[in-house]
Amino acid sequence: MTSDEDVAPATTKVARSRSRGELFRSSRGILLATILLFVLSGIVEPESLSRSALSGMLPFAAILALVALGQTLVIQQGGIDLSVPGVVSLSGVIISYYSNSQGGPNSSAFGLAIVYVIGAALVSGAINGLLVSRARVAPIVATIGMNALLYGLDVEISGGTPVAVPDLLSHFANSKIFGVTTLAYVAVIVACLVIFIVKKTVFGRRFEAVGASPRAARAAGVVSGRYQILAYAGASVLYAMGGVLLAGLMSLPSAFQGDSYLMPSIAAVVLGGTSLFGGKGNLAATVIAALFLTQLQQLVLTTGLSVGVQYLFQGGAIVVGVGVYSVNFSKLTGLFRKPGMAGMAH
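Residues numbered from 1 in each chain as written. Predicted model: local features only at pLDDT ≥ 70, side-chain atom pairs only at ≥ 80, totals over all residues. Heavy atoms only, no water.

Colleague: Please set out the overall build of the protein chain residue by residue, giving values where relevant.
Modeller: Per the secondary structure count, the protein chain includes 16 helices and two strands. Of the contacts made within the protein chain by residues no fewer than 6 positions apart, 78% connect residues no fewer than 24 positions apart. Summed over all atoms, the accessible surface of the protein chain reaches about 17,300 Å², with 69% contributed by carbon and sulfur. (Helix = DSSP H or I, 4+ residues; strand = E, 2+ residues; numbered from the N terminus. Contact = heavy atoms within 4.5 Å. Areas by Shrake-Rupley, 256 points an atom, 1.4 Å probe, with all protein chains shown as cover.)

Rendered as structure tokens:
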């Protein structure tokens, strides 16, 4: 028989394991790290917290937050999306070129360009989802192929020559409400909407269940492939939204404006505590992580350090995130126990 004394240590171990998992999945860790980063920025380089510096940083943090939210949805389904640069870049090209398709920028052409952007995002995302869920193509292979295709369309449309976006979009992207960039409000509203759908609806609960265990979800009668397709399609729409706002912010968007958003989007997901192996994710923490990474970039730029420092941190964050969720810490600590201590335990 098993005594209460034998059960207690096992229960304690399970509780500790759960508390570790909750710590990494909660927003508190990345929130604390972000606060400490801002404090460090004020000490090391006060200029990085000046009004002009923050005004320049927040719009890019908002755009990264939108892109990272999309990446979170895909990673929650156990996938990864490498088509981020293609979607972000193509969205900027479509909005700039097709808004000027009738001899100059006008409201009707701009509205049609928005429809083209959303359509292109939905189609590319749905194809990614179909390849992954139905054809069983590895997410890395499917999305990197889609990224190449999107860049081909990008170059075909633009010819590599930038065109200015409509003044309406530029004014919106560069405007402020109560001294805070409009893009920050957009990011918060979109984040709240996505969080509500994923966390507070039946669809969201099934979405997370499929990501945690597709086999168990299928056994419960849930069509897992449908949620994977929706994850990729929804993610692409979020990337496209970020791409359009980035184009408006830059006014004269580059045909390759999305190149710098792939690694940060994955790093933000990992820093936010979402496992790269799928399951539940913390969308709010992803948004905070986007702010953290953008301020880190700001600090690197103002201190004159190499941009390589930023890339090292992003890559390190991904490696640590994979390690946290893949390493069996109980077995690892068992290897370092002294033989004498093991004998006393018995």
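Colleague: Any chance you could break down the packing of aromatic side chains for me, citing the residues and the numbers?
Modeller: What the rule picks out here adds up to four aromatic pairs. Taking 5.2 Å as the distance between ring centres and 75° as the angle between the ring planes, the aromatic pair formed by Tyr98 and Tyr116 counts as edge-to-face. One end of the pair, Tyr98, is in the loop between helix H4 (84-97) and helix H5 (107-133); the other, Tyr116, is in helix H5, and 18 residues separate them in sequence. The exposure class assigned to Tyr116 is partly exposed, which follows from its relative accessible area of 37%. An aromatic cluster of three or more residues is present, and its members are Phe203, Phe207 and Tyr227. (Phe/Tyr/Trp six-rings, centres within 6.5 Å; stacked < 30°, edge-to-face > 60°. Buried < 20%, exposed > 50% of the residue type's maximum accessible area, 1.4 Å probe, protein only.)

Colleague: How would you summarise the packing of helix H12 (residues 262-271) against helix H13 (residues 283-303) if you had to cite specific residues and measurements?
Modeller: Their axes nearest at 8 Å, the elements H12 and H13 cross at an angle of 125°. Here H12 is positioned oblique relative to H13, judged by the angle of their axes. Between H12 and H13 lies a crossing of right-handed hand. Residues Pro264, Ala267, Ala268, Val269 and Leu271 of H12 pack against Thr286, Ala289, Ala290, Phe292 and Leu293 of H13. Here the contact of H12 with H13 is built from residues that sort into nine nonpolar, one polar and no charged. (Axes fitted to C-alpha atoms, helices over the stretch in contact; angles between N-to-C directions. Parallel < 35°, antiparallel > 145°, perpendicular 65-115°, else oblique. Left-handed = near helix turned anticlockwise from the far one by under 90°. Nonpolar A, V, L, I, M, F, W, Y, C, P; charged D, E, K, R; others polar.)

Colleague: Hey, could you go over a positive patch on the surface for me, with residue numbers and the actual values?
Modeller: A surface patch of positive charge is lined by Arg134, Arg136, Arg206, Arg215, Arg218 and Arg226. On the secondary structure map, Arg206 appears in helix H9 (residues 202-212). Relative accessible area serves as the criterion here: at 43%, Arg206 is assigned to the partly exposed category. (Patch = residues over 30% accessible without salt bridge, like charges linked within 9 Å, V, L, I, M, F, W, Y side chains within 5 Å. Salt bridge = Lys/Arg side-chain N within 4 Å of Asp/Glu carboxyl O. Lys, Arg positive; Asp, Glu negative; His and termini not counted. Charge placed at Lys NZ, Arg CZ, Asp CG, Glu CD.)

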